[in-house]
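Structure at a glance
Letter by letter, the chains look like this.
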Amino acid sequence: LTHKRLEWDAIMYRLHGLEIMGPSVTVDSWLNIIDKNDQLYVRRLLTASAQQSIELSFDYRCVDHVGKRHFHRIRGEQIIDEKGKVKKIVGTVIDVSETVKNEKHLRHEHEKAEQARSAKTAFLANMSHEIRTPMNGVVGAADILSKADLHDDQAKYTNMIKSSATGLLHIL
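A quick note: this is a predicted structure, and the numbers were derived from the prediction, not measured.

On to the overall build of the protein chain, then. For the protein chain, the count of helices and strands is five helices and five strands. Along the protein chain, from the amino end to the carboxyl end, the secondary structure elements read β-α-β-α-α-β-β-β-α-α. Relative to a compact globule of 172 residues, whose C-alpha radius of gyration would be 16 Å, the protein chain shows 35 Å and is clearly more extended. Oriented by its inertia axes, the alpha-carbon framework of the protein chain measures out at about 105 × 40 × 25 Å. Within the protein chain, the proportion of its 172 residues that are buried is 24%. In the protein chain, the proportion of contacts linking residues at least 24 apart, taken out of those at least 6 apart, comes to 34%. Between the mean site of the 25 positive side-chain charges and the mean site of the 23 negative ones, the protein chain shows a separation of 5 Å.

Below, the structure written as structure tokens:
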């Protein structure tokens, strides 16, 4: 990094959607294909990792030569010279575009599931209230009816109504 060059192999060129231009590229030419919103962030991390011993691990977005956006994850390790200075950084870059896409999809599906759960909870609370009110009326009417002078079969059916309605109220 002191020479402001990055050593790249054919895979790195292909990963960034570039034609092979030699064994190295300038930091600036690499930063030019990184998303404008990530350039300063990436430059600061590279500068900091070249000056001090810190873990180099971050994600960045880049746009290839046909305008397609990619998400890359970089992991690097500093090679320290005998004076304790960072001599160079060796690392890997992988395309995590599919992972990012899948994570976004999962977040969206999770949000939809949460909305459905909330709607279900609200629906059940509302239905519980809507059913509980008339059911209380059925219990009250059955209670009044059970106190009347009824034949055995009528008393049996009235108690069955009251018992069933009371059971439903406990469920709700």
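Read on, since the account is not over.
Before going further, it helps to examine the side chain of Ser97. Here Ser97 is to be found in helix α4 (residues 97-146). Side-chain polar atoms of Ser97 contact the backbone nitrogen of Phe71, separated by 2.8 Å.

The next point concerns the pattern of salt bridges. Per the stated rule, a full pass over the model turns up nine salt bridges. Between Arg61 and Asp35 there is a salt bridge whose closest N-O contact spans 3.8 Å. Linking Arg61 in strand β3 (residues 56-63) with Asp35 in the loop between α2 (27-33) and α3 (36-51), this pair joins segments that are 26 residues apart in sequence. On the accessibility criterion, Arg61 (24% relative accessible area) is partly exposed. Overall, the relative accessible area of 8% leaves Asp35 in the buried class.

On the surface, Ile131, Leu168, Ile171 and Leu172 cluster together into a nonpolar patch covering about 340 Å² of accessible area. Assignment of secondary structure puts Leu168 in helix α5 (residues 152-171). A residue is classified by how much of its surface remains accessible, and Leu168, at 40% relative accessible area, is partly exposed.

Take the sheet that holds strand β5 (residues 86-95) next. Spatially, the three strands line up as an open sheet ordered β3-β4-β5, and their pairing is antiparallel. With partners counted over all chains shown, the strands left at the sheet margins are β3 and β5, one partner each. Neighbour-to-neighbour, the strand axes of this sheet turn through a mean angle of 30°, independent of strand direction. As judged from the eight bridges shared by β3 and strand β4 (residues 69-80), these two strands associate in the antiparallel manner. Counterpart to Ser57 in the pairing with β4 is Arg75. On the sheet, α3 packs against β3, β4 and β5 and is oriented at approximately 150° with respect to β3.

Criteria and thresholds
Residues numbered from 1 in each chain as written. Predicted model: local features only at pLDDT ≥ 70, side-chain atom pairs only at ≥ 80, totals over all residues. Heavy atoms only, no water. Helix = DSSP H or I, 4+ residues; strand = E, 2+ residues; numbered from the N terminus. Rg over C-alpha atoms; globule rule 2.2 N^0.38 Å. Buried < 20%, exposed > 50% of the residue type's maximum accessible area, 1.4 Å probe, protein only. Contact = heavy atoms within 4.5 Å. Lys, Arg positive; Asp, Glu negative; His and termini not counted. Charge placed at Lys NZ, Arg CZ, Asp CG, Glu CD. Polar contact = N/O pair within 3.5 Å; in protein donor to acceptor, adjacent residues only side chain to side chain. Salt bridge = Lys/Arg side-chain N within 4 Å of Asp/Glu carboxyl O. Patch = residues over 30% accessible without salt bridge, like charges linked within 9 Å, V, L, I, M, F, W, Y side chains within 5 Å. Areas by Shrake-Rupley, 256 points an atom, 1.4 Å probe, with all protein chains shown as cover. Pairing = 2+ DSSP bridges. Axes fitted to C-alpha atoms, helices over the stretch in contact; angles between N-to-C directions.

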